[in-house]
Amino acid sequence: SQQGEEDPQALSIQEGENATMNCSYKTSINNLQWYRQNSGRGLVHLILIRSNEREKHSGRLRVTLDTSKKSSSLLITASRAADTASYFCAHQALQGAQKLVFGQGTRLTINP
Amino acid sequence: EPEVTQTPSHQVTQMGQEVILRCVPISNHLYFYWYRQILGQKVEFLVSFYNNEISEKSEIFDDQFSVERPDGSNFTLKIRSTKLEDSAMYFCASRMEQGARNGYTFGSGTRLTVV
């Protein structure tokens, strides 16, 4: 299967703490992307990391990619209540396919 | 910031009826997609569209589904004879180029309920 898997499925932390979510996949990839989805809403692109990159930062977000382990992590530092959402990783395979293959997602709850 | 616009936001339809979900991608984007998300499940790829033709489709995208780009702005998904299991959130997405430089821009989705 090409489906990505994420863990944890749900994460609840206190405001100000850091949140780490992990993602694994099974194929060779062109890139891996992280998206946020607020309840019942659309998907918002957060960050894209290419297969030849190991780490990328964007504001309070830090993404790592380990192609040897076929895994990625998303770190949100100094979490805020507004970060409460579901977070999905999605990868684009190396060969041919344009489609994104999404993981199951992590439901993140930031408690004030 | 440019947006992908989807209409309607909600649609309720009877089983067996045809529905058309509409999307206006970002104007200078070249690649267009439909994804769906059944409640509580992961986002699934349906179809990609480039240069006025389907470039890839999933097993879900059977003969009941079709896509069109009837003019320079709209991108539609038609389900010919809806089934209960078609109930889902349908997302349209677009991107400017194929290369690994930017992510996709998704619309806010159309929640389709088949009764």
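What this report covers is the structure whose coordinates are included nearby. Just so we're clear, the structure is a prediction, and the values are computed from it rather than from any experiment.

### A few points about the layout of surface pockets
Phase 1 of the analysis: Here the largest pocket defines a volume of roughly 570 Å³.
Phase 2 of the analysis: If you go around the largest pocket, you meet 21 residues; those closest to its centre are Leu43 and Val44 of chain A together with Glu3, Thr105 and Phe106 of chain B.
Phase 3 of the analysis: When residues of the lining of the largest pocket are traced back to their parent elements, those giving at least two are strand E5 (43–50) of chain A together with strand E1 (5–7) and strand E10 (105–106) of chain B.
Phase 4 of the analysis: Sorting elements by how many residues they give to the lining of the largest pocket places E5 of chain A first, with 3 residues.
Phase 5 of the analysis: Its residues placed into classes, the lining of the largest pocket shows 7 nonpolar, 11 polar and 3 charged.

### What about the nonpolar core?
All names here are of chain A.
Phase 1 of the analysis: Among the nonpolar cores identified, the biggest contains 22 residues, and Leu32, Trp34, Leu74, Ile76, Tyr87 and Leu108 are the most heavily contacted of them.
Phase 2 of the analysis: Sorting the residues of this core by element identifies strand E2 (10–14), strand E3 (19–24), strand E4 (29–37), E5, strand E7 (61–66), strand E8 (71–76), strand E9 (85–93) and strand E11 (106–111) as the ones contributing at least two each.
Phase 3 of the analysis: Excluding residues within four positions of it along the chain, Ile76 makes contact with Glu17, Asn18, Ala19, Met21, Arg60, Leu61, Asp83, Tyr87 and Leu108.

### Description of the pattern of salt bridges
All names here are of chain A.
Phase 1 of the analysis: As enumerated under the stated definition, the model contains 4 salt bridges over all chains in all.
Phase 2 of the analysis: Residue Glu55 pairs with Arg62 through a salt bridge whose shortest N-O separation is 3.1 Å.
Phase 3 of the analysis: The partly exposed category is assigned to Arg62, whose relative accessible area is 30%.
Phase 4 of the analysis: Across the pair Asp83 and Arg60 runs a salt bridge whose closest N-O atoms are separated by 2.9 Å. In this pair, Asp83 is assigned in the loop between E8 and E9 and Arg60 in the loop between strand E6 (55–58) and E7, connecting sequence segments 23 residues apart.

Reading the values: rules and limits
Residues numbered from 1 in each chain as written. Chains lettered and ligands numbered in written order. Predicted model: local features only at pLDDT ≥ 70, side-chain atom pairs only at ≥ 80, totals over all residues. Heavy atoms only, no water. 1 Å grid on protein atoms, 1.4 Å probe; cavity = no way out; pocket = protein on both sides within 12 Å on 5 of 7 lines; lining within 4 Å. Points joined across faces, edges and corners; volume = space filled by probe spheres on them. Helix = DSSP H or I, 4+ residues; strand = E, 2+ residues; numbered from the N terminus. Nonpolar A, V, L, I, M, F, W, Y, C, P; charged D, E, K, R; others polar. Core = buried A, V, L, I, M, F, W, Y, C linked by side-chain atoms within 4.5 Å. Buried < 20%, exposed > 50% of the residue type's maximum accessible area, 1.4 Å probe, protein only. Contact = heavy atoms within 4.5 Å. Salt bridge = Lys/Arg side-chain N within 4 Å of Asp/Glu carboxyl O.

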